Each structure stands twice: as C-alpha cells, then as structure tokens.
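An overview of the molecular structure
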Amino acid sequence: MDATITSYNLSSAELLKTKVDARTAKIVIIGMGYVGLPLALLFSEQKLRVTGFDIDPVKVETLTRGGSYIVRIPETEIQAAIANGFMATSDFAGIADMDVVIICVPTPLNDHHEPDLSYIVATGHNIAPHLRPGQLIILESTTYPGTTEELLVPILEKNPLGLKAARNGAASASEFYVVFSPEREDPGNDTVARRDIPKVIGGLNPVATEMGSTVYNSIFNRTVPVSAPAVAEMTKLLENIYRCVNIALVNELKMLCLRMGIDIFEVIKAASTKPFGFQPFYPGPGIGGHCIPLDPFYLSWKAKEYDFHTRFIELAGEINLNMPYHVVRSAAAALNRHKKTLNGAKVLVLGVAYKKDIDDLRESPSLTVIELLQQEGAEVSYNDPYFAFVGRGRKYDLQMHNTPLENLGSFDAVMIVTDHSDYDYDRIVRESNLVIDTRNATKGIQSEKIVRC
Ligand SMILES: NC(=O)c1ccc[n+]([C@@H]2O[C@H](COP(=O)([O-])OP(=O)(O)OC[C@H]3O[C@@H](n4cnc5c(N)ncnc54)[C@H](O)[C@@H]3O)[C@@H](O)[C@H]2O)c1
C-alpha cells in the first residue's frame with residue numbers, strides 16, 4: 001500500500017485515539033431511547049463529551065431540565081451527565097462538529113411482518129448533509145446483515161462534499177468511516193454490568209474497526225473486532241434467534257409437561273445442574289420486548305433474497321405467538337372448573353410490562369392476553385407498578401388505568417402474566433379466588449387456588 005495512504009489512514013485512527021484519551025472527542029448519539037440514553041450516560045461517566053439527539057421534543061425537553069423518562073435511570077444520573085457537559089437537542093446541524101455519530105434508532109417490523117428501516121433511512125438522510133472527512137459513523141440498531149453496507153452507506157455517500165466511506169484498498173483524505181456495533185444489553189438484568197458485556201465491532205475497513213474499538217474501549221471492558229459490518233449484524237441476530245428458538249422449545253415442552261402432569265420448572269432446574277451442554281431457558285405467556293419477537297424476522301426476510309427458508313425461526317415464531325392463546329384457553333378451563341365462564345368473568349391481569357421489573361411495554365404478551373380475554377367477554381383490569389395508564393401503542397389501544405392491588409377477592413381470577421419482584425405472591429394467593437400463574441411466580445406456595453399454565 002502507498003505509504004502516504006497508510007499514514008493518512010493511521011492518522012485518522014490516531015487522531016481519534018488522541019482525542020478519546022484526552023477526553024476531547026465529541027460524540028453524538030442519535031435516538032435517546034432505552035439503548036441510546038444509557039449509552040450516553042456511560043460515555044458521560046467517563047468524561048467524554050456527549051450530545052443526545054432525538055426527534056421527540058418531549059424527550060429533549062425532559063433531559064434538558066435534568067429529568068428522566070426511563071424508570072431505572074434516576075434523574076440524578078441525568079443531572080450528573082449534564083454537569084459533565086451532556087446536552088440533548090433536536091438540531092442536526094451540530095453533527096458537523098462531532099467526531100463520532102452513533103445511531104440508536106428503532107428497527108420495528110411493519111404490519112406485514114417485514115423490516116421497517118424507515119428510521120435508519122431517515123437518520124442517514126439527516127446526517128449526510130453535515131458529514132465531514134474523518135468522522136466515524138456507527139450503527140447500533142439491530143438489523144439484517146447487509147443493512148450498513150447496502151442501505152446506510154449509499155445514503156451517507158450522497159453528501160454535498162462528495163465524501164466516500166473508507167473501504168479496503170485505496171484511501172483518500174475525503175473519507176468518513178463506518179462501523180456496525182450491535183447493542184447487547186439485557187434490560188432489567190442487574191447481574192452483568194453493562195461495561196462487562198463485550199462490544200462486537202465490524203468496520204467497513206480495518207481503520208473503521210480500530211476507530212470503533214477506540215471509542216468503545218473507553219466504556220466497555222472488552223471489544224471484539226470482526227471482519228465486516230455484516231458479521232457483526234449477523235452476530236446480534238444469531239444471539240437473539242438462539243434465545244427465541246430455545247424459549248419456543250421450552251414453551252412447547254411446557255405444554256406437553258402440563259398434559260403429562262410434570263413440572264417443567266422442576267425439570268429445567270434439574271437439567272441445569274449439568275455442568276456442560278445445557279443452558280436454561282424458561283417458558284412463559286409469550287415473548288415480548290423490542291428484540292426477541294422481532295429481530296429473527298429481519299433475518300428470515302433477508303434470507304428470502306437468497307431463496308432460503310429459515311424454518312427454525314418460523315417454527316419458533318409460531319409456537320411463541322401461540323402462547324397467549326394457550327394462557328387464555330387455560331384461564332377459561334380453570335374458570336370452567338369453578339362453574340364459571342370466561343364470558344362475563346372479572347379478571348385482574350398482574351403485570352403488563354413484557355418482563356419483570358422493567359417499564360417497557362413493547363410487544364408485551366400481556367397486551368395480547370388482555371385483548372384476547374376481552375374478546376371472550378371477560379371484564380379485564382390490570383395492575384402494574386410501572387404503568388399508571390396503558391393507552392394506545394403500535395398494535396393495541398387499551399385506554400386502561402392501573403387498578404390498585406386491593407379487593408382481590410372481588411375478581412373471579414387473578415392472572416400473573418409478568419412476575420414483578422414487588423408483588424407479594426403469598427398475599428395474592430391468600431386473598432384471591434383463583435390464581436392463573438403463567439410464570440411460576442407462586443412456586444413453593446401450596447394452594448388449590450393456583451393453576452399453573
Ligand atoms: N431496548 C433494548 O433492550 C435493546 C437491546 C438491544 C438492541 N436494541 C436495538 O436498539 C435499537 C433502538 O432500540 P431502543 O429500545 O433504544 O428504541 P426506543 O424506541 O426506546 O428509542 C429510539 C429513539 O429514537 C428516536 N428516533 C426515532 N427516529 C429518529 C430519528 N430519525 N432521529 C433521531 N431520533 C430518532 C425515538 O424518538 C426514540 O427516542 C433498536 O434497533 C433495537 O432493536 C434494543
């Protein structure tokens with residue numbers, strides 16, 4: 001390789017490293033949601049200069065006055081970040097001044113269960129007019145292999161200065177750098193600190209990967225470079241597909257065990273004692289959150305381009321999507337044993353968040369369970385310490401207020417759909433007429449009132 005080209009490449013990486021080490025590097029994070037905001041706080045804790053960008057004016061206003069809209073992030077953390085120079089804005093013009101741009105925008109599915117990349121596309125169009133040579137653009141949003149190189153880079157390359165993304169081979173002074181690095185956090189998991197989750201980094205060329213490592217080494221204990229953005233994109237999908245398929249497996253085996261009179265949770269506990277080759281996954285009322293129900297379908301959609309049918313993903317999706325229906329059928333059967341019908345029954349659903357101890361409703365199986373119960377004529381209420389009200393979302397419109405955890409005896413059935421730690425399950429069983437437990441939250445409690453399903 002030409003010596004001047006090598007030195008130019010090195011100087012971009014070295015320049016960024018110098019700035020990161022000196023804490024003068026300027027980082028903007030686009031999308032101040034569940035992923036972007038905690039990431040901004042991690043950088044800020046390490047005294048890096050972070051700007052948070054979001055198109056939602058309420059989020060920008062809340063952050064600007066030192067407030068928080070994510071339950072597990074206390075306002076004091078936002079205020080400490082502001083004291084370290086953190087600011088939130090909706091003004092894209094400031095991007096020209098940044099060294100690193102990290103994109104954390106949503107990647108949902110559309111109504112046809114196909115990838116909706118409109119947020120990434122819009123963000124690319126917003127960044128392009130402000131690009132300058134030497135900048136590092138990182139995509140963190142979960143997506144199918146090929147998105148960074150085939151979709152984002154061409155949009156960024158339509159910039160007024162004619163800058164090109166640095167690729168392998170010839171390099172020039174009019175380049176910017178591109179990386180895909182997936183977010184791997186597990187919301188509500190307090191056993192692994194975020195900085196202990198290794199960060200996978202796939203740059204469009206080795207210099208981009210090196211620059212990405214420099215940035216993330218400032219906040220993560222370990223970075224894992226891979227050879228290309230598509231490898232990093234696929235890594236994230238493999239992780240989520242692995243979870244999705246294994247959860248489907250235990251969901252199916254749970255339904256068999258229920259028929260056979262075997263406690264699947266006892267089986268999983270016993271199997272978990274094997275010191276190798278087994279990792280426990282737990283059954284439930286269905287899968288939720290922004291990742292597991294959606295991400296596998298990003299890959300099955302892309303696979304069709306290659307005449308490839310991802311059968312494991314489809315089968316797991318079918319089993320997991322059926323779980324809320326199984327839960328409602330079980331509730332009807334349990335009420336039937338009490339000589340009651342689901343039609344007209346008063347049912348209290350405990351927990352609407354998609355998993356315990358978090359304030360995230362996205363794709364929550366509780367929402368489906370509530371809708372199915374209502375379709376069957378049940379009079380449904382809910383309780384969730386994290387949600388005073390559930391209004392309209394992408395796929396639901398409940399308009400329901402939180403019901404206090406009182407007069408449990410006035411309900412025909414109390415259904416545990418999300419096993420928040422705050423609940424006193426002994427009391428719930430004691431005061432209820434019938435408890436439908438979809439999470440094994442009542443384990444250890446002996447009562448004829450409990451129906452585990
Ligand atoms: N939440 C998780 O636990 C998690 C974990 C791993 C990966 N991910 C992935 O990370 C990505 C972001 O997820 P999230 O949970 O943070 O989503 P989120 O909905 O909580 O936040 C996204 C934010 O982006 C903002 N936004 C949308 N379009 C924008 C634009 N054009 N410019 C600026 N801001 C814009 C939204 O207003 C919102 O505040 C997704 O791809 C998701 O799959 C999420």
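For the structure itself, look to the data block above.
These notes cover the structure that comes with them. Remember, predicted model here, so these are calculated numbers, not experimental data.

**Concerning the sheet that holds strand 15 (residues 435-437)**
- If you trace the five strands from one edge of the open sheet to the other, you get 11-10-14-15-16, paired in parallel fashion. Lying at the two open borders of the sheet, with one neighbouring strand each, are strand 11 (379-383) and strand 16 (450-452). Each strand axis lies, on average, 20 degrees off the axis of its neighbour in the sheet, ignoring direction.
- Sheet analysis places strand 14 (residues 413-416) next to strand 15, joined by three bridges and oriented parallel. Directly across from M415, in strand 15, lies its bridge partner I436.
- Across the face of the sheet, helix 11 (residues 311-337) comes into contact with strand 14, strand 15 and strand 16 while running at roughly 150 degrees to strand 14.

**Describing the nonpolar core**
- If you look at the biggest cluster of nonpolar residues, it comprises 39 residues, and the most contacted ones within it are I29, L37, F43, I102 and L136.
- Counting residues per element, this core draws most heavily on helix 2 (residues 36-45), which supplies six residues.
- In this view, I29 contacts G36, L39, A40, F43, V50, T51, G52, F53, I102 and C104; residues no more than four positions away in its chain are not counted.

**Quick word on the pattern of salt bridges**
- Under the definition given, this model contains 17 salt bridges.
- For E183, the salt bridge goes to R194, with nearest N and O atoms at 2.4 Å. Residue E183 is found in the loop between strand 7 (175-180) and strand 8 (199-203), and its partner R194 is found in the loop between strand 7 and strand 8; the two are separated by 11 residues along the sequence. Like R194, E183 is buried.
- Between D412 and K340 there is a salt bridge, with the nearest N and O atoms lying 2.9 Å from each other. Remark: K340 occurs in the loop between helix 11 and strand 10 (346-350) and D412 occurs in the loop between strand 13 (397-401) and strand 14; sequence separation between them is 72 residues.
- Taken together, the shared-partner salt bridges connect K19, D99 and R132 into one network.

**With respect to the pairing of strand 14**
- Both faces of strand 14 are covered, namely the face carrying A413 and M415 and the face carrying V414 and I416.
- Bridge analysis of strand 10 against strand 14 gives four bridges, and the strand direction is parallel. Residue pairing in the sheet places V349 in a bridge with M415 of strand 14.
- The parallel pair strand 14 and strand 15, bridged by helix 13 (residues 425-431), forms a crossover whose chirality is right-handed.

**Remarks on the side chain of N383**
- In this structure, N383 sits in strand 11.
- By relative accessible area, N383 is classed as buried at 7%.
- Within the local environment of N383, its side chain forms a polar contact with the backbone oxygen of T403, the two atoms lying 2.7 Å apart.
- With residues near it in sequence (within four places) discarded, N383 still touches L348, V349, L350, G351, N402, T403, P404, L405 and Y423.

What counts as what
- Residues numbered from 1 in each chain as written.
- Predicted model: local features only at pLDDT ≥ 70, side-chain atom pairs only at ≥ 80, totals over all residues.
- Heavy atoms only, no water.
- Pairing = 2+ DSSP bridges.
- Helix = DSSP H or I, 4+ residues; strand = E, 2+ residues; numbered from the N terminus.
- Axes fitted to C-alpha atoms, helices over the stretch in contact; angles between N-to-C directions.
- Contact = heavy atoms within 4.5 Å.
- Core = buried A, V, L, I, M, F, W, Y, C linked by side-chain atoms within 4.5 Å.
- Buried < 20%, exposed > 50% of the residue type's maximum accessible area, 1.4 Å probe, protein only.
- Salt bridge = Lys/Arg side-chain N within 4 Å of Asp/Glu carboxyl O.
- Right-handed = clockwise from strand over helix to strand, strands pointing away.
- Polar contact = N/O pair within 3.5 Å; in protein donor to acceptor, adjacent residues only side chain to side chain.

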